[in-house]
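# Tertiary structure, described
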Amino acid sequence: MNCINFVVPMNPCPCGYYPDSGRCHCSRVRIGKYMGKVSGPVLDRIDLCVELQSVEYASLKTNEKGEGSADIRQRVEKARKLQKIRFQDTTYRFNGDIEASAMEKYCALGVEEQKCMEKLYESLQLSARAYHRILRVARTIADLDGAEAIKTAHLMEAAFYRPALEYWIG
């Protein structure tokens, strides 16, 4: 099983400022044409889609500190060790390798989590591929959280990382 990382940096419109109406002067038609260059099946294969916000000058001068790189690295290493143990007798290396046929085993959901996933599936109009991607990402989020089971919060966070259709459908 090969794990392929594919990073797609993309502006939300030709000028790069959408949805900031104060700075973006692109028409809806122009934005639609620009976003239409990426097909639905390609979007369906993206695990994480994160919109970056502009950084205000004042926030650069604050003394508030977020989680440090060393702490993040430690959580990631711990999650990778969990996956190494989980998949030791399989051909899988990472959660992203889990095949649809093995989802029940590695991404089992409790009753509440199943209800949550059903609501997400219906409301986001997910494809089977997107459904499985959310489960894989939720499994990884749970690992990073140190949780044995996938919880509703993990599913919601994983769904949050799906590409927002508002940008891709005009």
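A short tour of the structure in this document, coming up.

## Some remarks on the overall build of the protein
Broken down by element type, the protein carries nine helices and zero strands. What you see in the protein, going N to C, is helices and strands ordered as α-α-α-α-α-α-α-α-α. Relative to all contacts within the protein whose residues are 6 or more apart in sequence, the contacts with residues 24 or more apart total 56%. As displayed, the protein offers around 12300 Å² of accessible surface, 53% of which is attributable to carbon and sulfur atoms. Placing the 25 positive and 22 negative side-chain charges of the protein at their respective mean positions leaves the two points 6 Å apart.

## Section: the state of the cysteines
By the definition in use, this model includes zero disulfides. Not part of a disulfide, cysteine 13 finds its nearest cysteine sulfur in cysteine 15, a span of 3.5 Å. Judged by relative accessible area, which is 0%, cysteine 13 ranks as buried. This cysteine, cysteine 24, is not joined by any disulfide, and cysteine 13 carries the nearest cysteine sulfur, 3.7 Å off.

## What about the pattern of salt bridges?
For the coordinates displayed, the defined rule picks out five salt bridges. Residue arginine 73 is joined to glutamate 77 by a salt bridge in which the shortest nitrogen-to-oxygen separation is 2.9 Å. Taken together, the positions of arginine 73 and glutamate 77, both in helix 4 (residues 69–86) and four residues apart, correspond to about one turn of that helix. Judged by relative accessible area, glutamate 77 falls into the partly exposed class, the value being 38%. A salt bridge links lysine 115 to glutamate 112, with the shortest nitrogen-to-oxygen separation between them at 3.7 Å. Here glutamate 112 and lysine 115 lie together in helix 6 (residues 111–123), a separation of three residues that amounts to about one turn. One network of salt bridges, in which partners are shared, links Arg86, Arg139 and Asp143.

## Comments concerning unusual backbone geometry
Between tyrosine 18 and the following residue, proline 19, the backbone shows a cis peptide bond with an omega angle of 15°. Position of proline 19 relative to the elements: it lies in the segment before helix 1 (28–35). With a phi angle near 50°, glutamine 125 is a residue other than glycine that sits in the positive phi range. Relative to the assigned elements, glutamine 125 resides in the loop between helix 6 and helix 7 (128–145).

## Some remarks on the packing of aromatic side chains
With the rule as written, the count across this model stands at five aromatic pairs. Their ring planes at 85° and their centres at 5.9 Å tell us that tyrosine 92 and tyrosine 106 sit as a pair that is edge-to-face. Taken together, the positions of tyrosine 92 in the loop between helix 4 and helix 5 (103–106) and tyrosine 106 in helix 5 put the pair 14 residues apart, joining distant regions of the chain. A residue is classified by how much of its surface remains accessible, and tyrosine 92, at 10% relative accessible area, is buried. Classification of tyrosine 106 by relative accessible area gives buried; the value is 10%. These aromatic residues form a ring-pair network of at least three members: Phe87, Tyr92 and Tyr106. Above the plane of the ring of phenylalanine 87 lies arginine 86, whose end atom (NZ or CZ) is 5.8 Å from the centre.

Rules used throughout
Residues numbered from 1 in each chain as written. Predicted model: local features only at pLDDT ≥ 70, side-chain atom pairs only at ≥ 80, totals over all residues. Heavy atoms only, no water. Helix = DSSP H or I, 4+ residues; strand = E, 2+ residues; numbered from the N terminus. Contact = heavy atoms within 4.5 Å. Areas by Shrake-Rupley, 256 points an atom, 1.4 Å probe, with all protein chains shown as cover. Lys, Arg positive; Asp, Glu negative; His and termini not counted. Charge placed at Lys NZ, Arg CZ, Asp CG, Glu CD. Disulfide = S-S within 2.5 Å. Buried < 20%, exposed > 50% of the residue type's maximum accessible area, 1.4 Å probe, protein only. Salt bridge = Lys/Arg side-chain N within 4 Å of Asp/Glu carboxyl O. Phe/Tyr/Trp six-rings, centres within 6.5 Å; stacked < 30°, edge-to-face > 60°. Lys NZ or Arg CZ within 6 Å of the ring centre and 35° of its normal.

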